[in-house]
Amino acid sequence: KNGFVEIGILYSENPRGRNRYPSTSEIEMILADIELNTNLSLHVCGHSAFNNICCPDIFLRNILDIFKRIQINGKKTIKQIEFVCDKYKNHEIITQFNEESLEDNYNPLKVQSLNHSILLNSSKGCGIYPEKWEMPETNKKYGIAGGIHVNNFYKTLNRINKHHKYVSWIDI
């Protein structure tokens, strides 16, 4: 019962046989067992899942209000991000930031929505621990991900405390 811990649930419409993604029925079971007021985020993975967030089916319409944050994984345009931010004004919308994000139409730092945050992840979901995190010039809330696990958790916390005082969260 730690108010600072968040449970992130992966959501994919097309898991392609990978057991890393819970099915919709498994997500419903998880949500039924979680205490009220638990910090939850929905991690939207893949084009089909993103399209479903933009125009939600009955499953998503029934569960989205439970989540405080929605993380959109993958490369999205500024226009796509702002659309989701506008649609879900009561949620924090998180998008990934890495060197590929700096293209004009894709740069999440240019998103004007106040409910938008960024996740620094130079490994692009591959779990590679970076030698250093390149911090963008921004006033946005941001988190850090990429290769953080049990074996380097405390090293990561020390790095954050020493160099990155404005980190709001880390993904393990």
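Residues numbered from 1 in each chain as written. Predicted model: local features only at pLDDT ≥ 70, side-chain atom pairs only at ≥ 80, totals over all residues. Heavy atoms only, no water.

Peer 1: Any chance you could explain the overall build of the protein chain here in plain terms?
Peer 2: Helix and strand content of the protein chain: five helices and seven strands. Going residue by residue from the N terminus, the α and β elements of the protein chain occur as β-α-β-α-α-β-α-β-β-β-α-β. Relative to a compact globule of 172 residues, whose C-alpha radius of gyration would be 16 Å, the protein chain shows 16 Å and is just as compact. The principal-axis extent of the C-alpha atoms belonging to the protein chain is close to 45 × 35 × 30 Å. Across the 172 residues of the protein chain, 45% fall into the buried class. Partitioning the intrachain contacts of the protein chain with sequence separation of at least 6 by distance along the chain shows that 63% fall at a separation of at least 24. Accessible surface for the protein chain amounts to roughly 10600 Å². Of this, 51% is attributable to carbon and sulfur atoms. Averaging the positions of the 21 positive and the 19 negative side-chain charges in the protein chain gives two centres separated by 4 Å. (Helix = DSSP H or I, 4+ residues; strand = E, 2+ residues; numbered from the N terminus. Rg over C-alpha atoms; globule rule 2.2 N^0.38 Å. Buried < 20%, exposed > 50% of the residue type's maximum accessible area, 1.4 Å probe, protein only. Contact = heavy atoms within 4.5 Å. Areas by Shrake-Rupley, 256 points an atom, 1.4 Å probe, with all protein chains shown as cover. Lys, Arg positive; Asp, Glu negative; His and termini not counted. Charge placed at Lys NZ, Arg CZ, Asp CG, Glu CD.)

Peer 1: Got a minute to help me understand helix α4 (residues 78-87) in this structure?
Peer 2: The periodicity of an α-helix, 3.6 residues per turn, causes residues three or four positions apart to be oriented the same way. Looking only at α4, the buried set comprises Ile 78, Ile 81, Val 84 and Cys 85. Mapping the buried residues of α4 onto a view down its axis gives an arc of 130°, with all of them on the same face. Elements that come into contact with the buried residues of α4 comprise α2 (47-54), β3 (69-72), β4 (92-97) and β5 (116-120). (Arc of directions from axis to C-beta.)

Peer 1: How should the pairing of β3 be read in this particular structure?
Peer 2: Each regular strand displays side chains that alternate between the two surfaces of the sheet. Neither face of β3 is open: one carries Arg 69 and Gln 71, the other Ile 70 and Ile 72, and all of them are buried. Pairing of β3 with β4 involves four bridges; the strand directions are parallel. By the bridge assignment, Gln 71 is partnered in β4 with Ile 94. One crossover worth recording links β3 to the parallel β4 by way of α4, and it is right-handed. (Pairing = 2+ DSSP bridges. Right-handed = clockwise from strand over helix to strand, strands pointing away.)

Peer 1: Please clarify how the side chain of Asn 52 should be interpreted in this entry.
Peer 2: Structurally, Asn 52 can be placed in helix α2. Accessibility expressed as a relative area gives 8% for Asn 52, which makes it buried. Side-chain polar atoms of Asn 52 contact the backbone nitrogen of Asp 57, separated by 2.8 Å. Excluding anything up to four places from it in sequence, Asn 52 contacts Tyr 11, Glu 13, Asp 57 and Leu 60. (Polar contact = N/O pair within 3.5 Å; in protein donor to acceptor, adjacent residues only side chain to side chain.)

Peer 1: Looking at this structure, how should I read the packing of aromatic side chains?
Peer 2: On inspection of all chains with the given rule, the structure shows two aromatic pairs. On the basis of an interplanar angle of 80° and a centroid distance of 5.2 Å, the ring pair of Phe 153 and Tyr 154 is categorised as edge-to-face. Judged by its relative accessible area of 23%, Phe 153 is partly exposed. Its guanidinium or amino end placed over the ring of Trp 169, Arg 69 lies 4.1 Å from that ring's centre, counting from NZ or CZ. Positioned over the ring face of Phe 50 is Lys 76, at 4.6 Å from the centre of the ring. (Phe/Tyr/Trp six-rings, centres within 6.5 Å; stacked < 30°, edge-to-face > 60°. Lys NZ or Arg CZ within 6 Å of the ring centre and 35° of its normal.)

Peer 1: For this particular structure, what's the right way to read the confidence of the model for the protein chain?
Peer 2: Detailed reading of the predicted coordinates is not advisable wherever pLDDT falls low. Here the protein chain shows a mean pLDDT of 85. Residues at 70 or above account for 91%. Per-element averaging of pLDDT across the protein chain places strand β7 (residues 167-170) at the bottom with 78 and α4 at the top with 96. (pLDDT = per-residue confidence, 0-100.)

Peer 1: Help me understand the packing of α2 against α4 in this model?
Peer 2: When two helices pack together, their arrangement is given by the angle between their axes and by how far apart the axes lie. At a minimum axis distance of 10 Å, the contact between α2 and α4 shows a crossing angle of 45°. The angle between α2 and α4 falls in the class oblique. Touching Phe 50, Ile 53 and Cys 54 of α2 are Gln 80, Phe 83, Val 84 and Lys 87, all from α4. Considered class by class, the residues forming the contact of α2 with α4 number five nonpolar, one polar and one charged. (Axes fitted to C-alpha atoms, helices over the stretch in contact; angles between N-to-C directions. Parallel < 35°, antiparallel > 145°, perpendicular 65-115°, else oblique. Nonpolar A, V, L, I, M, F, W, Y, C, P; charged D, E, K, R; others polar.)

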